[in-house]
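Descriptive structure summary
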Amino acid sequence: MPIRNSPKQTDFISRPQIGVGLRKTHYPYLETKPQTSVGWFEAVSENYMDSEGRPLHMLQLIREDYPIALHGVSLSIASAEGVRPEYLKQLKQLKDRIDPFIISDHLCWTGLQNANLHDLLPIPFTDESLRCIIKHVDQVQNALGCHILLENVSTYLQPPDSTYTEWEFLKALAEQSGCRLLFDVNNLYVNAKNHHFDPILFLDAIPTELIGQIHLAGYTDMGTYLFDTHSKPVYPEVWELFSRLIARAPDVPVLVEWDDDIPEFPILEAEAQKARQIWNDHHGRTDTESISTALLSSGA
Ligand SMILES: [Fe+2]
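Residues numbered from 1 in each chain as written. Predicted model: local features only at pLDDT ≥ 70, side-chain atom pairs only at ≥ 80, totals over all residues.

Things to note about the overall build of the protein
Counting secondary structure elements, the protein contains ten helices and twelve strands. Residues classed as buried in the protein amount to 42% of the 300 residues present. Taking as baseline every contact in the protein between residues at least 6 positions apart, the subset at least 24 positions apart corresponds to 78%. (Helix = DSSP H or I, 4+ residues; strand = E, 2+ residues; numbered from the N terminus. Buried ≥ 20, exposed ≤ 12 C-beta atoms within 10 Å, placed from the backbone. Contact = placed C-beta atoms within 7 Å.)

Here is the structure:
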């Protein structure tokens, strides 16, 4: 029976749990151990794998005070060549050091024959893809000794020959492999606009119990398409979809990503606070007062 990743009781004290992406530009601020309102951080796995330097030191410092999720960009779970054993070994070592409450990556492939293109490339949604990825999920979960989350990615073309919709494929993958989904609401919206489908169809098709984490971010409107840049605040249309999703998923950890034109930490914190407010609107005001105090003291 699939086991769902769940936060440790000691890590998560109260709900809702809104985290932010850990970025190098915020190290000097976080190093001073300020009081923040964020519940947890998500760290890009590859930035800390096979490292003994300042990045790993910072991650361990932050881990003293916050739960950490590890989020990879190079697992390449959909590559027909399979997952690289050396990569898995390094990820397992990082897992053992950091004790993350979530390990995730993307539903994509990133290259072939040891050439990493550093791009999250789309896959055809077919039975052949599904069988291949289920086999790789099994390999990864056995190597890591835990379940993983896979994220729906933004795409700018649709590979031919798909026999599933994206949401049908994600649902089948999670149900048949035992992994859980990292549901990126911004990516869903970007794809809905770029490929002309109703985002509600996607949103409502994924059962809550298959979702292990939610991502929020801002895209860039390129005129003829939306580009997933993570360089802006979350757009109102994405907040609306998030509101619809969180209404039925109160226990799912939520994360705000910001990777380009990164603002000062308190602005990122305030963005996370918006997610918390939407959670509160649906599920009650569990810890608003303490968060408001923290935000006021940080000057946000
Ligand atoms: Fe994401």
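Side note on the environment of Ala272
On the secondary structure map, Ala272 appears in helix 9 (residues 265–283). Taking the C-beta count within 10 Å as the criterion, Ala272 has 24 such neighbours and is therefore assigned buried. Sequence-wise, Ala272 and Gly19 are 253 residues apart; in three dimensions their C-alpha atoms are separated by 6.9 Å.

Brief notes about the nonpolar core
Residues Ile77, Leu181, Val185, Ile214, Leu216, Phe242 and Ala275 are the most contacted members of the largest nonpolar core, which totals 77 residues. Not counting residues up to four positions away in its chain, the partners in contact with Ala275 are Ile18, Leu216, Phe242, Val254 and Val256. (Core = buried A, V, L, I, M, F, W, Y, C linked by C-beta atoms within 7 Å.)

Some remarks on the pairing of strand 2 (residues 40–44)
The element strand 2 is extensively covered by neighbouring structure, given that four of its five residues are classed as buried. Alignment of strand 1 (residues 18–21) against strand 2, held across three bridges, turns out to be parallel. Residue pairing in the sheet places Gly19 in a bridge with Trp40 of strand 2. For the handedness criterion, the β-α-β arrangement of strand 2, helix 2 (residues 54–63) and strand 3 (residues 68–71) is classed as right-handed. (Pairing = 2+ DSSP bridges. Right-handed = clockwise from strand over helix to strand, strands pointing away.)

Structural notes on the confidence of the model for the protein
With 89% of its residues at a pLDDT of at least 70, the protein reaches an overall mean of 88. Here residues 1–16 scores under 50 on pLDDT; set against residues more than four positions off or in separate chains, the count is 29 contacts. This model gives residues 287–300 a pLDDT under 50, and the stretch forms 21 contacts once residues within four places in sequence are excluded. (pLDDT = per-residue confidence, 0-100.)

Let's talk about the packing of helix 8 (residues 236–246) against helix 9
Helix packing for two helices is described by the angle between their axes and how far apart those axes are. Two numbers describe how helix 8 lies on helix 9: the axes approach to 10 Å, and their chain directions differ by 45 degrees. As summarised for this structure, helix 8 and helix 9 are arranged oblique, according to the angle between their axes. The hand of the helix 8/helix 9 crossing is right-handed. Mapping the contact onto sequence places Trp239, Phe242, Ser243 and Ile246 in helix 8 and Ala275, Ile278, Trp279 and His282 in helix 9. A class-by-class count of the residues in the contact of helix 8 with helix 9 yields six nonpolar, two polar and no charged. (Axes fitted to C-alpha atoms, helices over the stretch in contact; angles between N-to-C directions. Parallel < 35°, antiparallel > 145°, perpendicular 65-115°, else oblique. Left-handed = near helix turned anticlockwise from the far one by under 90°. Nonpolar A, V, L, I, M, F, W, Y, C, P; charged D, E, K, R; others polar.)

Some thoughts on helix 4 (residues 127–144)
With 18 residues, helix 4 extends 26 Å from end C-alpha to end C-alpha; this agrees with the ideal 26 Å at 1.5 Å per step. Of the surrounding elements, those touching the buried residues of helix 4 are helix 3 (85–98) and helix 5 (166–177). Where helix 4 terminates, the next one or two residues include Gly145, which has phi positive at roughly 75 degrees. (Expected span 1.5 Å × (residues − 1).)

Here we look at the sheet that holds strand 4 (residues 102–106)
The strand order 1-2-3-4-7-8-9-12 describes a closed barrel built from eight strands, whose pairing is parallel. Pairwise comparison of adjacent strand axes, ignoring direction, gives a mean angle of 30 degrees for this sheet. Pairing of strand 8 (residues 180–184) with strand 9 (residues 211–216), which is carried by four bridges, proceeds in the parallel orientation. Among the inter-strand pairings, Leu181 is bridged to a residue of strand 9, identified as Ile211.

Some details on unusual backbone geometry
Phi at Asp161 takes a positive value of approximately 80 degrees, unusual for a residue other than glycine. Mapping Asp161 onto the fold places it in the loop between strand 7 (149–151) and helix 5.

Thoughts on the packing of helix 4 against helix 5
The contact between helix 4 and helix 5 brings their axes to 10 Å, and the two run at 40 degrees. One way to sum up the angle between helix 4 and helix 5 is to call them oblique. In this structure, helix 4 meets helix 5 at a crossing whose hand is right-handed. Across from Leu130, Ile133, Ile134, Val137 and Asp138 in helix 4, the residues of helix 5 making contact are Phe169, Ala172, Leu173, Gln176 and Ser177.

Focus on the environment of Trp258
Among the secondary structure elements, Trp258 is positioned in the loop between strand 12 (254–256) and helix 9. For Trp258, a count of 25 C-beta atoms within 10 Å corresponds to the buried category. If sequence neighbours within four positions are ignored, Trp258 has contacts with Gly21, Ala217, His230, Pro263 and Leu268.

A few points about helix 3
Taking 1.5 Å of rise per residue, the 14 residues of helix 3 would be expected to cover 20 Å, and the 20 Å separating its terminal C-alpha atoms lies within 8% of that figure. Those residues of helix 3 that fall on the buried side of the exposure criterion are Tyr87, Leu91, Leu94 and Ile98. All buried residues of helix 3 project into a common sector of 60 degrees when viewed along the axis, lining one side. The exposed set on the far side of helix 3, more than 90 degrees from its buried face, consists of Pro85, Glu86, Lys89 and Asp96. (Arc of directions from axis to C-beta.)

Topic: the environment of Leu226
Of note, Leu226 is situated in strand 11 (residues 226–227). According to the C-beta neighbour criterion, Leu226 is buried, with 21 such atoms within 10 Å. Along the backbone, Leu226 and Lys193 are 33 residues apart, and their C-alpha atoms lie at a distance of 7.1 Å. Apart from the residues within four sequence positions on either side, Leu226 is in contact with Val190, Lys193, Asn194, Tyr219 and Asp221.

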